[in-house]
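Architecture and fold: a report
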Amino acid sequence: MATNLHLLLLLCLTPPCPPEVEELVASGWRAYRADSMAVAAERFSRADQLCENLDAKVGLGYALLRLDRLVEADSLFRLVVATDSGNADGWDGLTIVRWRQGDARAAVEAGRRALQLNPGDETARAILTQADPDWERPPVPPPVRPKRLRIDARTKGDYFQTPSGGGGWRRFYVSGVNMGVALPGKFPSEFPPDSVTYAGWFDIIAGMHANTLRLYTILPPSFYRALYGWNTGHPDRPLWLIHGVWTELPPNHDFNDSTWTEEFHQEMRRVVDLLHGNADFPARPGHAGGRYDADLSRWTLGYIIGREWEPFAVKEFEQRFRSKPTGYAGRFLATKGGLHMDAWMAEQCDYLLGYEVDRYNTIRPIAYTNWPTLDPLFHITESTADEEAAWRLKVGHAIERPLFEYENDAIGLDAMKVRPTSRNPAGWFASYHAYPYYPDFMLNDPVYNTVRSSEGRSNYFGYLRYLKRHHAGMPLLLSEYGVPSSRGNAHLQPQGWDHGGHDEVAMARIDARLTREIRESGAAGGILFAWIDEWFKKNWIVIDYEIPLENTRQWHNIMDAEQNYGILGMYAGEDSATPEPGGDPAHWKALPVLEELPDATANLPRRLRVGQNESYLYLAVEIAEFAGRPFPWRDQDLMIALDTYRRGLGQRSLPGGVISGDLGFEFVAILRDTADAELRITPDYNPYAGGDAIIGGDDYGRFGHRPVTTVPRDDGRFDSLFVMTNRARFGRDGRFFPAQGLNRGRLRYGTAARSTLSDWYWDQEEGMLELRLPWNLINVGDPSSKTILYEEPNLDVQTSEAVGTAPSDGFRIGVAVLGRTRASYGEMALIGALPAPVNGRWRSVDFPDWQWSGWTMPRYHQRLKPVYDSLKAVWSGWH
């Protein structure tokens, strides 16, 4: 009423507008409808200058909106609704401009008001539906705050406790699963929207006797509704929740940045509200949103806030405030001594606890994310970058380029510096992401090397034992652990628990042992990483060669360890048609024929079939003469040569000079027998420095990158695909730890049923060689867009920011069967080849191009890996 009276008074005191104003406004709308925005804007502006007129301002706002002058349009619409809060056109314009500015929350607020004033406003309705599918639901009711402080879970000594009924408490050992949920083809922030998917997952996870789920970030409302449905339907075995609060690094590594900190706090408030079923916020780019009405607070075990901070960021922040006193005294948490970052982390946790207590009178345990690179222990074998550089200089091994991965013991965060206050009965715990293969101090430390668990020697158990000893009297939660079932291996570990290189059976065996050793160490529980294979993930050893990087979600790189941790495996292609070594030969014979020779031709390889999916290139070589009998590996070898880019480039002579020609090859698969097979590469095209990078155990050639190119060659040389996994380093005491690596090109023989890492198989009954090659192994940067690695030979790597790529022009593939002329491998003779050579030489003209179709949405199928059953067996005895 007051606003309307004020407006009426304003109109009474405002002089009447000149007659031409009304005509200018009408003329402006005619120009607007004729799509003459510049003319419309000019006429509305003239009208507004002649007389303060809301109609002219509204028209000008819409014209500016169409001219993409959003800031000016926003100002006009704000002025209109401030002057007349009942102006439906003004609210409608404000809805549009806020939506186009990317402010979904503000668009929803304006859109609701626009529809109140004009229920037929289809523009506002459409925007509301896009911004928040639940916008028509009634507002979330205010929370009912308990009169007494509610404690849904707490810590007691070294463990968690949950209510046992009747006011009592029982020990709760965490057997959990980390819930990454991005399906193939999806970005990490593209979550499954339906509750059915989540409900099915919960049923399977609970079936393996897991009792806890961990989230890193906010998921869609459907996840929480499905979990609420599961827990209310299974009160005797609910799935408890540990929820994270995600954030990225602050600008300039300043954790006191006020804008960044407020965004972090805002995310904390969202998490607390949604867990109490009392949140309604629109989705934002990269973030879920909606109406959260499922109250999961009574099944929320605790919070783990933040992310794995990089040591360099913590170190830089600490240097900013080294002259200031440390310490924090909060309502629920306090610190004594330690770093400024210890105090800062305690302050953030205290803020979240305070918000939940003030709004819901509820409190629960909390921790921040930590990992071994920031642990509070001292490691004699792990030098800092400065210490490493000093030792290299001292022994004459100085390297001018910056040293990476040498700050893993430079600074540490210590949860023991934080203590709950008397107002915090829920407690505090330490959370660590700890894997058995990293950092190097876990592998090199002389003490960890000698420690044995009840199952034998274990560097991992040695580290956990000392980590737990430091955190005595406090729950230590291993909130990430595990090994991946990837073909690629990014880091070697003394017990063979490497960062990849495990088939699924080995993965199951290792994860089960790690799970038991975590419990034996005295930890409060472990949360396995992760529920599904997520294709968008990236790993240091391949990330430079997955190009474009945003497309990793479109294909499954089994050379990338990070993509293969899942309990529920996500596999390329269709389950009923995917070829597998030693699998159904019909799947191999369904591949299109690329080359074949007439039956009467006296040449051993008769037919070559080629196909692909989102993980592999598939090659099937049919040799009719050997159908029904073993291939004579004692006397003969097979070579498969691949020209993957431009016919005139690459190696034109196969190893041993047995066959040459005018077509250049980048790769050759040499199959000598079932125990000796390897994919090799022309030297210039090797993306890694190879074995030449290790000189006396040092890794001189590993820093920086050289051109990844292919050039004409006639010397018959193909190099191994050796890659360095563990860099050379000096300990703090000067002890030298040599570099380590492996040959990625070694091809494993066998059936996929026996090992999921089998690369090739000889089908004796069919007389058919079956070979599958991962895309990354043959320098395909992105098969979905048909992008391959290629750089000009004269590339200046000093100014290059990334490895170069080129569109594929197709592959050319040749097969050769070689016979030994002597007992040794030294001399070979060509027995037969496909295509047929002319006078012992291959002609480029005889090789057809093999092309494949790219894709924008990957095909995939899923199944549980053996690790499901191994953990089910372990956990079933504990709960």
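Definitions and limits used
Residues numbered from 1 in each chain as written. Predicted model: local features only at pLDDT ≥ 70, side-chain atom pairs only at ≥ 80, totals over all residues. Heavy atoms only, no water. Helix = DSSP H or I, 4+ residues; strand = E, 2+ residues; numbered from the N terminus. Buried < 20%, exposed > 50% of the residue type's maximum accessible area, 1.4 Å probe, protein only. Contact = heavy atoms within 4.5 Å. Lys, Arg positive; Asp, Glu negative; His and termini not counted. Charge placed at Lys NZ, Arg CZ, Asp CG, Glu CD. Core = buried A, V, L, I, M, F, W, Y, C linked by side-chain atoms within 4.5 Å. Pairing = 2+ DSSP bridges. Axes fitted to C-alpha atoms, helices over the stretch in contact; angles between N-to-C directions. Polar contact = N/O pair within 3.5 Å; in protein donor to acceptor, adjacent residues only side chain to side chain. Expected span 1.5 Å × (residues − 1). Parallel < 35°, antiparallel > 145°, perpendicular 65-115°, else oblique. Left-handed = near helix turned anticlockwise from the far one by under 90°. Nonpolar A, V, L, I, M, F, W, Y, C, P; charged D, E, K, R; others polar. pLDDT = per-residue confidence, 0-100. Arc of directions from axis to C-beta. Phe/Tyr/Trp six-rings, centres within 6.5 Å; stacked < 30°, edge-to-face > 60°. Salt bridge = Lys/Arg side-chain N within 4 Å of Asp/Glu carboxyl O.

1. What about the overall build of the protein?
Per the secondary structure count, the protein includes 19 helices and 44 strands. In terms of principal-axis extent, the alpha carbons of the protein reach across some 110 × 75 × 60 Å. Per-residue burial over the protein gives 58% buried out of 879 residues. Residue pairs in contact within the protein that sit at least 24 positions apart in sequence constitute 70% of those at least 6 positions apart. With 94 positive and 114 negative side-chain charges, the protein shows a spacing of 5 Å between the two charge centroids.

2. With respect to the nonpolar core
The biggest cluster of nonpolar side chains holds 130 residues, and the ones touching the most others in it are Met-179, Phe-223, Tyr-224, Ile-305, Trp-309 and Tyr-460. Formed by 58 residues, the second largest nonpolar core is a distinct cluster that contains Leu-597, Leu-617, Leu-619 and Leu-721.

3. Overview of the sheet that holds strand β2 (residues 154-156)
Backbone hydrogen bonds hold the strands of a sheet together, and the pairing may be parallel or antiparallel. Spatial ordering of the open sheet is given by β2-β3-β4, a layout of three strands whose pairing is antiparallel. Strands with a single pairing partner mark the edges of an open sheet, and in this sheet they are β2 and β4 (168-172). Averaged over neighbouring strand pairs, the angle between their axes works out to 50° when direction is ignored. With five bridges connecting them, strand β3 (residues 159-165) and β4 associate as antiparallel partners. Bridging across to β4, Pro-163 finds its partner in Trp-169.

4. Things to note about unusual backbone geometry
Both trends apply: most residues other than glycine have a negative phi, and most peptide bonds are in trans. Following Tyr-438, the chain continues into Pro-439 via a peptide bond in cis, with omega recorded as 0°. In this fold, Pro-439 is placed in the loop between β16 (430-433) and α15 (441-444). The backbone phi angle of Asn-779 is positive, close to 60°, even though this residue is not glycine. Here Asn-779 is to be found in the loop between β37 (768-774) and β38 (780-782). What makes Asn-779 buried here is its relative accessible area of 2%.

5. Quick word on the sheet that holds β37
Taken together, five strands build an open sheet; the order of strands is β22-β23-β24-β37-β36 and the sheet is antiparallel. Unpaired on one side and paired on the other, β22 (593-596) and β36 (760-763) mark the two borders of the sheet. Across the sheet, the axes of successive neighbouring strands diverge by a mean angle of 15°, strand direction being ignored.

6. Let's talk about the pairing of β36
In the case of a regular strand, side chains alternate between the two sheet surfaces. Bridging between β36 and β37 involves four bridges; their strand directions are antiparallel. Looking at β37, one finds that Asp-763 is bridged to Met-768. Between β36 and β37, which pair antiparallel one after the other, the connecting turn spans four residues, and Gly-767 there sits at a positive phi close to 60°.

7. Points about the side chain of Asp-719
Secondary-structure assignment places Asp-719 in the loop between β31 (698-699) and β32 (722-726). Within the structure, the side chain of Asp-719 is placed 2.8 Å from the side chain of Arg-717, a separation counted as a polar contact. Here Asp-719 is in contact with Arg-680, Ile-681 and Pro-683, once residues within four sequence places are set aside.

8. Things to note about the pairing of strand β20 (residues 525-528)
The two faces of β20 match: Gly-525 and Ile-527 on one face and Gly-526 and Leu-528 on the other face are all buried. Both strand β5 (residues 174-178) and β20 contribute to a ladder of four bridges, which runs parallel. Across the sheet, the residue bridging to Gly-176 is Ile-527, located in β20. With three bridges joining them, strand β19 (residues 476-481) and β20 adopt parallel strand pairing. Opposite Leu-477, over in β20, you have Gly-525 as the bridge partner.

9. Re helix α7 (residues 104-117)
When the terminal C-alpha atoms of α7 are compared, their 20 Å separation across 14 residues agrees well with the 20 Å that a helix rising 1.5 Å per residue should span. Residues of α7 that are buried in the fold lie against α6 (88-100) and α8 (122-131).

10. Overview of the packing of helix α17 (residues 504-520) against helix α19 (residues 867-876)
It is at 8 Å that the axes of α17 and α19 come closest, and there the two elements cross at 25°. Here α17 lies roughly parallel to α19, going by the angle between them. In this structure, α17 crosses over α19, and the sense of that crossing is right-handed. Here Met-507, Ala-508, Asp-511, Ala-512, Thr-515 and Arg-516 of α17 come into contact with α19, specifically with Val-867, Ser-870, Leu-871, Val-874 and Trp-875. Taken together, the residues of the contact of α17 with α19 sort by class into seven nonpolar, two polar and two charged.

11. Quick word on the confidence of the model for the protein
Across the protein, pLDDT averages 91, with 94% of residues at or above 70. Across residues 1-14, confidence stays below pLDDT 50; counting only partners more than four residues off in sequence or on other chains, it has four contacts.

12. Section: helix α14 (residues 385-394)
Owing to its 3.6 residues per turn, the α-helix brings residues three or four apart onto one side. Every buried residue of α14 is listed here: Ala-385, Glu-388 and Arg-392. Taken down its axis, α14 places every buried residue within 65° of arc, on the same side. Relative to its buried face, α14 has exposed residues pointing more than 90 degrees away, namely Asp-386, Leu-393 and Lys-394. Phi turns positive, to about 80°, at Gly-396, one or two residues after α14.

13. Considerations on the packing of aromatic side chains
Applying the stated criterion to the full structure yields 52 aromatic pairs. Measuring from centroid to centroid gives 5.1 Å for Phe-255 and Trp-344, while their planes differ by 65°, and the two rings are edge-to-face. Note that Phe-255 is positioned in the loop between β7 (240-245) and α11 (258-275) and Trp-344 in helix α13 (residues 340-360), a separation of 89 residues in sequence. The class of Phe-255 is buried, set by a relative accessible area of 0%.

14. Notes on the environment of Arg-237
Checked against the element boundaries, Arg-237 lands in the loop between α10 (221-233) and β7. Put simply, Arg-237 and Ala-210 are 27 residues apart on the chain and 9.4 Å apart in space, counted from C-alpha to C-alpha. Other than its neighbours up to four places away in sequence, Arg-237 contacts Ala-206 and Trp-230.

15. Quick look at the side chain of Asp-560
Among the structural elements, Asp-560 can be located in the loop between β20 and β21 (568-572). Buried within the structure, Asp-560 lacks any salt-bridge partner; Lys-538 is the closest side chain of opposite charge, at an N-O distance of 7.6 Å. A distance of 3.1 Å separates a polar side-chain atom of Asp-560 from the backbone nitrogen of Glu-562. Filtering out sequence-adjacent residues up to four positions away, Asp-560 remains in contact with Ser-486, Lys-537, Lys-538, Asn-539, Val-542 and Glu-546.

16. Re the environment of Pro-446
Its place among the elements puts Pro-446 in the loop between α15 and β17 (452-453). A relative accessible area of 42% places Pro-446 in the partly exposed class. Here the alpha-carbon distance between Pro-446 and Arg-732, two residues 286 residues apart in the chain, equals 13 Å. When sequence neighbours within four positions are dropped, the list of residues in contact with Pro-446 reads Ile-380 and Thr-381.

17. Brief notes about the pattern of salt bridges
In this structure the tally under the stated criterion is 51 salt bridges. Among the salt bridges present, the one from Asp-152 reaches Arg-150, with a minimum N-O distance of 3.0 Å. Take Asp-152: its relative accessible area is 6%, and that puts it in the buried class. Its relative accessible area of 28% is what places Arg-150 among the partly exposed residues. Between Asp-846 and Arg-843 there is a salt bridge, with the nearest N and O atoms lying 2.9 Å from each other. A residue is classified by how much of its surface remains accessible, and Asp-846, at 27% relative accessible area, is partly exposed. On the basis of relative accessibility, which here comes to 40%, the residue Arg-843 falls in the partly exposed class. Overlapping salt bridges, with partners in common, bring together Asp-643, Arg-647, Asp-809, Arg-812 and Asp-849 in one network.

18. Some details on the environment of Ala-524
Mapped onto the fold, Ala-524 is located in the loop between α17 and β20. When the C-alpha atoms of Ala-524 and Glu-387 are compared, they prove to be 35 Å apart, with 137 residues separating the residues in sequence. If sequence neighbours within four positions are ignored, Ala-524 has contacts with Asp-158, Tyr-159, Phe-160, Phe-172, Tyr-173, Val-174, Pro-475 and Leu-476.

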